[in-house]
Amino acid sequence: MAYDLEEQERLAELKAWWSTYGKWIVSLLLAVLLGIAAWRAYSVWGTNQAIKASALYAQLQTAVQTKDKEKIAAAFKALQSDYASTQYAAMAALLEARYQVDEKNLASARATLEWAVKKTQSDELRAIAALRLAGLLLDEKQFDQALKVLDGKVPEAFIPLYADRRGDIYVAQNKMQEARKEFKLALEKLKEDTNLRQIVEIKLDALGEV
């Protein structure tokens, strides 16, 4: 498919803008959803197991803040082996993966997120892990795998986020018709006052009409 110079310039500007600001916006939205999931985890798991898992998760948070690699590894390993069925283990995986990305250990981050997608019993946490995993795969240009990760049913709140991420993947593949379809789906599901909606509108406008 051929594109005129103006459309190519719009696409280049879009990719540059999204590389700088887009993922930060999505991360902010995910942080809100993760906070809700954490509250639910505390409310639902009133057992001794959850209390211990919560304590380990708190240790992991502190270790990440201080960048203590040994304590990070120990806390996450304990959550994986002894409390994998709790939502705290999944939240720990998300935190661990973010730390691994910051440390440029992308292979480990990918493995951690894959574990979270497979093991967590929370639909919301699984959706967050899958979305972040797809982002890593997109950065690695593993487009088909990224799309596969985003396949399947997700909670309603994640539909626009998934559509937006699929749109990014299709843009990277130069599949502009598919990208437009996904961005339009995201717009249909997003509320009028969200920052992400404005970002998706910019992306869709940059693609132009077929």
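Residue numbers restart at each chain and count upward from 1, following the sequence in its written direction. At least 70 in pLDDT is required for a residue's local features to be given in this predicted model, at least 80 for side-chain atom pairs to be given and counted, and no such filter applies to totals for whole chains, interfaces and linings, which use all residues. With hydrogens and water stripped out, all remaining heavy atoms of the structure feed into the side-chain values.

(A) Seen up close, the packing of helix 8 (residues 159-172) against helix 9 (residues 176-189). An axis is simply a line fitted to the C-alpha atoms; with a helix, the fit covers only the stretch in contact. Between two such axes, the angle follows the N-to-C directions and lies from 0 to 180 degrees. Strands are runs of DSSP state E lasting at least 2 residues, helices are runs of H or I lasting at least 4, and numbering of each runs from the N terminus. Two numbers describe how helix 8 lies on helix 9: the axes approach to 8 Å, and their chain directions differ by 160°. Considering the angle they form, helix 8 stands roughly antiparallel to helix 9. Crossing angle aside, the handedness with which helix 8 passes helix 9 is left-handed. Where helix 8 approaches helix 9, its residues Ile159, Pro160, Ala163, Asp164, Arg166, Gly167, Asp168, Tyr170 and Val171 are matched on the opposing element by Met176, Glu178, Ala179, Glu182, Phe183, Leu185, Ala186 and Lys189. Each residue gets one of three labels, nonpolar for Ala, Val, Leu, Ile, Met, Phe, Trp, Tyr, Cys and Pro, charged for Asp, Glu, Lys and Arg, and polar for the others, Gly among them. Split into classes, the residues belonging to the contact of helix 8 with helix 9 amount to 10 nonpolar, 1 polar and 6 charged. Should an angle fall under 35 degrees it is called roughly parallel, over 145 degrees roughly antiparallel, and 65 to 115 degrees roughly perpendicular, with every other angle called oblique. If you view the pair so one helix is near and one far, a crossing is left-handed when the near helix is turned anticlockwise from the far one by less than a right angle, and right-handed when it is turned clockwise. Whether two residues are in contact is decided by their heavy atoms, any of which lying within 4.5 Å being enough.

(B) Examining the packing of aromatic side chains more closely. A pair of Phe, Tyr and Trp rings is counted when the ring centres sit within 6.5 Å of each other, with Trp represented by its six-membered ring. The angle between the planes then sorts it: under 30 degrees is stacked, over 60 is edge-to-face, the rest tilted. On inspection of all chains with the given rule, the structure shows 2 aromatic pairs. Between the aromatic rings of Phe76 and Trp115, the centroid separation amounts to 6.0 Å while the plane-to-plane angle is 80°, which identifies the pairing as edge-to-face. Of this pair, Phe76 sits in helix 3 (residues 69-82) while Trp115 sits in helix 5 (residues 106-119), and the two are 39 residues apart along the sequence. Residues Phe76 and Trp115 agree in their burial class; the two are buried. A simple rule labels every residue: compare its accessible area, found with a 1.4 Å probe on the protein chains alone, to the largest value its type can have, and call it buried under 20%, exposed over 50%, or partly exposed in between.

(C) Quick look at the environment of Leu131. Following the sequence through the fold, Leu131 ends up in helix 6 (residues 123-139). The buried category is assigned to Leu131, whose relative accessible area is 1%. Each C-alpha atom, one on Leu131 and one on Tyr162, is 6.9 Å from the other, the two residues being 31 residues apart in sequence.

(D) Expanded view of the pattern of salt bridges. Any Lys or Arg side-chain nitrogen located within 4 Å of an Asp or Glu carboxyl oxygen qualifies as a salt bridge. A full pass over the atoms with the stated rule returns 8 salt bridges. One salt bridge in this structure joins Glu140 and Arg110, with 3.6 Å as the shortest N-O distance. Linking Glu140 in the loop between helix 6 and helix 7 (143-149) with Arg110 in helix 5, this pair joins segments that are 30 residues apart in sequence. Note on Arg110: relative accessible area 19%, which makes it buried. What you see here is one network of salt bridges that share partners, running through Arg110, Glu114 and Glu140.

(E) Expanded view of the side chain of Thr112. Mapped onto the elements, Thr112 comes out in helix 5. Look at Thr112 and you get buried, because its relative accessible area is 7%. Look past the residues within four positions of Thr112 in its chain and what remains in contact with it is Phe76, Ala93, Glu96, Ala97 and Gln100.

(F) How the structure looks around helix 5. Any helix carries an expected span of 1.5 Å times its number of residues minus one. In this model helix 5 runs 20 Å from its N-terminal to its C-terminal C-alpha over 14 residues, within 8% of the 20 Å that 1.5 Å per residue would give. Residues of helix 5 that are buried: Ala109, Arg110, Thr112, Leu113, Trp115 and Ala116. Summarising the contacts, the buried residues of helix 5 are in contact with helix 3, helix 4 (87-102), helix 6 and helix 7.

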